[in-house]
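# Architecture and fold: a report
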Amino acid sequence: MNKKNYEWQYATIGGVPRVDIKSGADIAHLGELDQKMWTVLSCPVKDLEIDTKTLQMMDKDNDGKIRVNEIVEAAEWATTVLKDPELLLQQTGTLPLAAINLESEEGRKIYASTKEILKNLGLKKDSISLEDTADSLAIFAKTRFNGDGVITVNSTDDEDLKSIIKACIKTVGSSPDRSGEVGVTAE
């Protein structure tokens, strides 16, 4: 894109003119904005009104600050994975699955992950909410490989391996799995 083609809107706040970000298109074009026009060139990842976890994900170099290049990168990523960048300005906490851009590789990954989360939670709906993604224990609890390090009988379809797992449980004991079943661990 040509940096001179996008028409930025400005507002004066406290006597200082600044770019007024009001649309998804504004967010999509942030990479074209001359850095001299940015009101702030960095901010901390803590003690702001924005969720600290979100800011930490944006802080690519883990220096505790979000800089212009990291904002631009996040804006480019977000406007690539969504069909309509206007969704970035809606504060609903819910993302319709139809809004995910399946034309991009990242969009396809997000869509697949979203479908898997909803399936694991036993939800049949065409959107995902922040609440749906908040409890990673619930998301992975009933999956075969839930990351807790416990191997249950249901972790395999192989009858010989099932017999070995049962024998280990009988011989050395078991550990509880997130799913509520018992299994064996590396110990």
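Heads up: these notes are all about the structure in this document. (Residues numbered from 1 in each chain as written. Predicted model: local features only at pLDDT ≥ 70, side-chain atom pairs only at ≥ 80, totals over all residues. Heavy atoms only, no water.)

Positioned with a positive phi, aspartate 47 is a non-glycine residue whose angle comes to about 65°. Secondary-structure assignment places aspartate 47 in the loop between strand E3 (42-44) and helix H2 (52-58). Since its relative accessible area comes to 79%, aspartate 47 is described here as exposed. In this structure, asparagine 62 is a non-glycine residue whose phi angle is positive, near 50°. Along the chain, asparagine 62 falls in the loop between H2 and strand E4 (65-67). (Helix = DSSP H or I, 4+ residues; strand = E, 2+ residues; numbered from the N terminus. Buried < 20%, exposed > 50% of the residue type's maximum accessible area, 1.4 Å probe, protein only.)

Read across the open sheet, the 3 strands follow the order E7-E9-E8; overall the sheet is antiparallel. A strand with exactly one partner marks an edge of an open sheet, and here the two such strands are strand E7 (151-152) and strand E8 (175-176). Bridge count for E8 against strand E9 (residues 182-184) is 2 bridges, and the pairing is antiparallel. Looking across to E9, one finds that serine 175 is bridged to glycine 183. Here helix H7 (residues 159-172) sits on the sheet in contact with E7 and E9, set at roughly 95° to E9. (Pairing = 2+ DSSP bridges. Contact = heavy atoms within 4.5 Å. Axes fitted to C-alpha atoms, helices over the stretch in contact; angles between N-to-C directions.)

Turning our eyes to something else, we now look at the nonpolar core. Membership of the largest hydrophobic core is limited to 10 residues, which are Tyr6, Trp8, Val19, Ile27, Leu30, Leu33, Trp38, Val68, Val72 and Ala75. At 3 residues, the largest contribution of residues to this core is made by helix H3 (residues 68-81). Residues in contact with valine 19, not counting those within four places in the same chain, are Trp8, Gln9, Tyr10, Leu33 and Met37. Core analysis: the second largest hydrophobic core is formed by 6 residues, Leu97, Ile100, Ile117 and Ile139 among them. (Core = buried A, V, L, I, M, F, W, Y, C linked by side-chain atoms within 4.5 Å.)

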